[in-house]
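Each chain, letter by letter, is given below.
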Amino acid sequence: MKILSGRFAVKDVAVCALVATACLLVSFEYCNHHVTTLVNRFASDVRQSVAVNPGAEEPEEFSAHETGYQEAKVRVDDLAETLPAHKEINRDNPKDPVYNVPWMDEAYWRSSTAPLSNMFVGSKPLFPPCTDQISPGIPDWGPHPYMGPFAYVNRSKNPCWFDETHQLLCVPYFYLAGVSKSGTSDLFSRIIQHPEVIGSGKEHHWFDRRRYYKNQTFWEYARSFRKPTSVVKETLEKHDRSNYISGDATPSYFYDSYEWKQFSGNENCTEPRVILANQIRHLYPEAKVILIVRHPVNRLYSRYLFDYGRKPKERSEMGPQQFHNRVVDGLNKYTNCIRKWSLRHCVYNKTLWETVHLLRIAESMYSVLLEDWLRVFPRHQILFIRFEDYAKNITAELAKVFAFLELEVSGEQLHLFSQSGPRNRGKYHDRGRLLPETRAILERFYEPFIRRFASLVGDEKFLWKDI
């Protein structure tokens, strides 16, 4: 047998070993399918060279100078290249393009999750351990292990259980998990007007922040739902059945697994095998997730105005030109990262995010995030709403939300819930419109991610062709 050498041969051997490990953890059918796929891939790579030509396929740097904009525009055309018509991606075939941009596809296949991307894991980790010193199963060790699931009371629609002291505790039935500056505050304010939805504050931030930065325990998180817990308890005592529900509307849950290195099960990894979605699904396997998303470019600018508008020292300089300069700097840093690492490594990289002045570029890379969430949650447990549709017809989108949450609502109630004024509307749009050159660069960068996102959702309206 001929001994193979070179970068790609070594990578394929590593991938084969990864799949072999997964075989032992999952099933023979999974093993048979992926080994066949990888053998075909391996043989194909032996027959032909697949070395990347940096000069032809990798993006060059953007220019922040006005005189250099035309050069930047040409270079970013190379970044996105000519994309084919929208289509479903066959994730079973490692040779099938995913983003249809060579350097992005190369980064996609660097990820440990890539050869397992069609494997639904539920609350289990997304790929095998990065060290043989930990168990491959659901983490029940370390400072931040999985919590639950508990013996939920089957007479309550909302997940509630009795603890060891016979105290009733409840956690959310649904999560409005993203994304920021896409109408989450407004949507949640209307959801909780329904008589069977008991509000308990909007952004709890336990999964992504407060357990790390505030040392808030899980039990403190559960007790933060005192009001819905009290209502459920009283209803059970009177009627033996409760249809009341509660929700956690923290729009950063979708993207903010930045503290993943602290999650039990991620030891020695360069990208997370456990994210927030795994822990939320484990806590309550039937949890419903609502994602209201906005065109990535408009969302990013709105987020910038919101973040810097809250900082008095920054507010005087805040505007389209400063945003343009920061976008150019941020895109250069993200593209440099993607050239060297996997897409997931860069999207979940907290240090990288901090070096781009907290500009939330990765939060708008919806497809990378969604691919992980769809391996954890069944498609029917996630509702997708377009912010642009919601802004035009609140009543119609609210009807979808209540149907998804299995809540009865009359036409009169929908009309009433839709009439209240908007919540958390942007305050700093008088700073000026997004510069055309900034929009051009951002749209080229995000275009492959938009196409991939629409394919994953299965709805072409998320291509935002009407925007």
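Per an unreviewed UniProt entry, the recorded name for the chain is Sulfotransferase domain-containing protein, and the organism is Batillaria attramentaria.

Chemist: Explain unusual backbone geometry to me, please; I cannot follow it from the model alone.
Modeler: Among all residues except glycine, the phi angle is most often negative; among peptide bonds, the trans geometry is most common. For the peptide bond that leads from glycine 148 to proline 149, omega is -10 degrees, which places it in the cis range. Omega for the bond connecting glycine 178 with valine 179 falls within 30 degrees of zero, at -10 degrees, which places this linkage in the cis form. One non-glycine residue, aspartate 240, adopts positive backbone phi at about 65 degrees. Among the secondary structure elements, aspartate 240 is positioned in the loop between α9 (226–239) and β4 (247–248). You can call aspartate 240 partly exposed: its relative accessible area is 47%. The phi dihedral of asparagine 268 falls on the positive side, at around 65 degrees, and the residue is not glycine. Note that asparagine 268 resides in the loop between β4 and α10 (276–283).

Chemist: Sorry, what's going on with the packing of helix α6 (residues 184–191) against helix α18 (residues 394–404) here?
Modeler: Packed helix pairs are specified by the crossing angle of their axes together with the interaxial distance, meaning the distance between the axes. Remark: α6 packs on α18, axes separated minimally by 11 Å, with the N-to-C direction vectors making an angle of 65 degrees. If you check the angle between α6 and α18, you find them roughly perpendicular. Seen from above, α6 lies across α18 with right-handed handedness. Side by side, α6 and α18 meet where Asp186, Leu187, Arg190 and Ile191 of the first sit next to Ile394, Leu398, Val401 and Phe402 of the second. Counted by class, the contact of α6 with α18 contains six nonpolar, no polar and two charged residues.

Chemist: Quick question: what am I supposed to make of the sheet that holds β4 here?
Modeler: Strands belonging to one sheet form pairs held by backbone hydrogen bonds; the direction of such a pair is parallel or antiparallel. The strand order β4-β3-β5-β6 describes an open sheet built from four strands, whose pairing is parallel. Both edges of this open sheet fall to β4 and β6 (382–386), since each of them pairs with a single strand only. Examined bridge by bridge, strand β3 (residues 174–178) and β4 share two bridges and lie parallel to one another. When the sheet's bridge partners are listed, phenylalanine 174 is paired in β4 with glycine 247. Packed onto the sheet, α18 meets β5 (288–293) and β6 and runs at close to 175 degrees relative to β6.

Chemist: Can you help me understand helix α19 (residues 411–419) in this one?
Modeler: One full turn of an α-helix is made of 3.6 residues, so residues set three or four places apart face in the same direction. Restricting attention to buried positions, one finds in α19 the residues Leu414, Phe417 and Ser418. Relative to the axis of α19, the buried residues are bounded by an arc of 100 degrees and lie together on one face. In α19, the exposed residues that point more than 90 degrees away from the buried face are Glu412, Leu416 and Gln419.

Chemist: Looking at this structure, I do not really get the pattern of salt bridges. What am I missing?
Modeler: When the charged atoms of two side chains with opposite charge come close together, those side chains can pair. Counted by the stated rule, this structure contains 21 salt bridges. In this structure, aspartate 372 and arginine 344 form a salt bridge, with 3.0 Å as the shortest nitrogen-oxygen distance. Here aspartate 372, found in helix α16 (residues 366–376), pairs with arginine 344, found in helix α14 (residues 343–347); they are 28 residues apart in sequence, far enough to count as distant. Arginine 344 shares its class with aspartate 372; the two are buried. Among the charged side chains, a network of salt bridges with common partners joins Arg386, Asp389, Lys461 and Asp466.

Chemist: Explain the packing of aromatic side chains to me, please; I cannot follow it from the model alone.
Modeler: Centre-to-centre distance and the angle between the planes together describe a pair of aromatic rings. Across all of its chains, the model carries 40 aromatic pairs by this definition. Arranged with centres 5.4 Å apart and planes meeting at 20 degrees, the rings of tryptophan 206 and tyrosine 221 form a pair that is stacked. With tryptophan 206 in helix α7 (residues 206–213) and tyrosine 221 in helix α8 (residues 218–223), this residue pair connects regions lying 15 residues apart in the sequence. Looking at tryptophan 206, the relative accessible area reads 5%, which means it is buried. Of the residues examined, tyrosine 221 reaches a relative accessible area of 0% and is grouped as buried. Judged by centre distance (5.2 Å) and plane angle (75 degrees), the ring pair of phenylalanine 218 and tryptophan 219 falls under edge-to-face. For phenylalanine 218, a relative accessible area of 5% corresponds to the buried category. Classification of tryptophan 219 as partly exposed rests on a relative accessible area of 35%. The rings of Phe150, Tyr152, Trp161, Tyr175, Trp206, Phe207, Phe218, Trp219, Tyr221, Phe225, Tyr253 and Tyr284 are connected pair by pair, giving a single aromatic cluster. Just above the ring of phenylalanine 306 sits the side chain of lysine 181; from NZ or CZ to the centre is 3.9 Å.

Chemist: Help me out: how do you make sense of the state of the cysteines in this one?
Modeler: Between two cysteines, a covalent bond joining their sulfur atoms is known as a disulfide. Evaluated as defined, the whole model comprises three disulfides. Two residues, cysteine 130 and cysteine 269, share a disulfide whose sulfurs are 1.9 Å apart. With the S-S bond torsion at 100 degrees, the cross-link from cysteine 130 to cysteine 269 turns out right-handed. With a gap of 139 residues between them, cysteine 130 in the loop between α5 (102–110) and β1 (160–162) and cysteine 269 in the loop between β4 and α10 connect regions that are remote in the sequence.

Chemist: What is the right way to read the environment of asparagine 154 from this model?
Modeler: Counting through the fold element by element, asparagine 154 comes out in the loop between α5 and β1. Using a relative accessible area of 68% as the deciding quantity, one classes asparagine 154 as exposed. In this structure, the C-alpha to C-alpha distance between asparagine 154 and serine 242, residues 88 residues apart in sequence, is 9.6 Å.

Chemist: How should the nonpolar core be read in this particular structure?
Modeler: Among the nonpolar cores identified, the biggest contains 119 residues, and Leu187, Ile290, Leu370, Trp373, Leu405 and Tyr446 are the most heavily contacted of them. If one sorts the elements of this core by residue count, helix α20 (residues 436–457) sits on top with ten residues. Counting residues in each nonpolar core, the second largest holds six residues, with Val153, Leu168, Cys170 and Val232 among its members.

Chemist: Can you walk me through the packing of α16 against α20 in this structure?
Modeler: Running from amino to carboxyl end, α16 crosses α20 at an angle of 25 degrees, the nearest separation of the two axes being 8 Å. Relative to α20, the element α16 lies roughly parallel. In this structure, α16 crosses over α20, and the sense of that crossing is left-handed. Here Tyr366, Ser367, Val368, Leu370, Glu371 and Leu374 of α16 come into contact with α20, specifically with Phe449, Arg452, Phe453, Leu456 and Val457. When its residues are assigned to classes, the contact of α16 with α20 shows eight nonpolar, one polar and two charged.

Cut-offs and rules
- Residues numbered from 1 in each chain as written.
- Predicted model: local features only at pLDDT ≥ 70, side-chain atom pairs only at ≥ 80, totals over all residues.
- Heavy atoms only, no water.
- Helix = DSSP H or I, 4+ residues; strand = E, 2+ residues; numbered from the N terminus.
- Buried < 20%, exposed > 50% of the residue type's maximum accessible area, 1.4 Å probe, protein only.
- Axes fitted to C-alpha atoms, helices over the stretch in contact; angles between N-to-C directions.
- Parallel < 35°, antiparallel > 145°, perpendicular 65-115°, else oblique.
- Left-handed = near helix turned anticlockwise from the far one by under 90°.
- Contact = heavy atoms within 4.5 Å.
- Nonpolar A, V, L, I, M, F, W, Y, C, P; charged D, E, K, R; others polar.
- Pairing = 2+ DSSP bridges.
- Arc of directions from axis to C-beta.
- Salt bridge = Lys/Arg side-chain N within 4 Å of Asp/Glu carboxyl O.
- Phe/Tyr/Trp six-rings, centres within 6.5 Å; stacked < 30°, edge-to-face > 60°.
- Lys NZ or Arg CZ within 6 Å of the ring centre and 35° of its normal.
- Disulfide = S-S within 2.5 Å.
- Core = buried A, V, L, I, M, F, W, Y, C linked by side-chain atoms within 4.5 Å.

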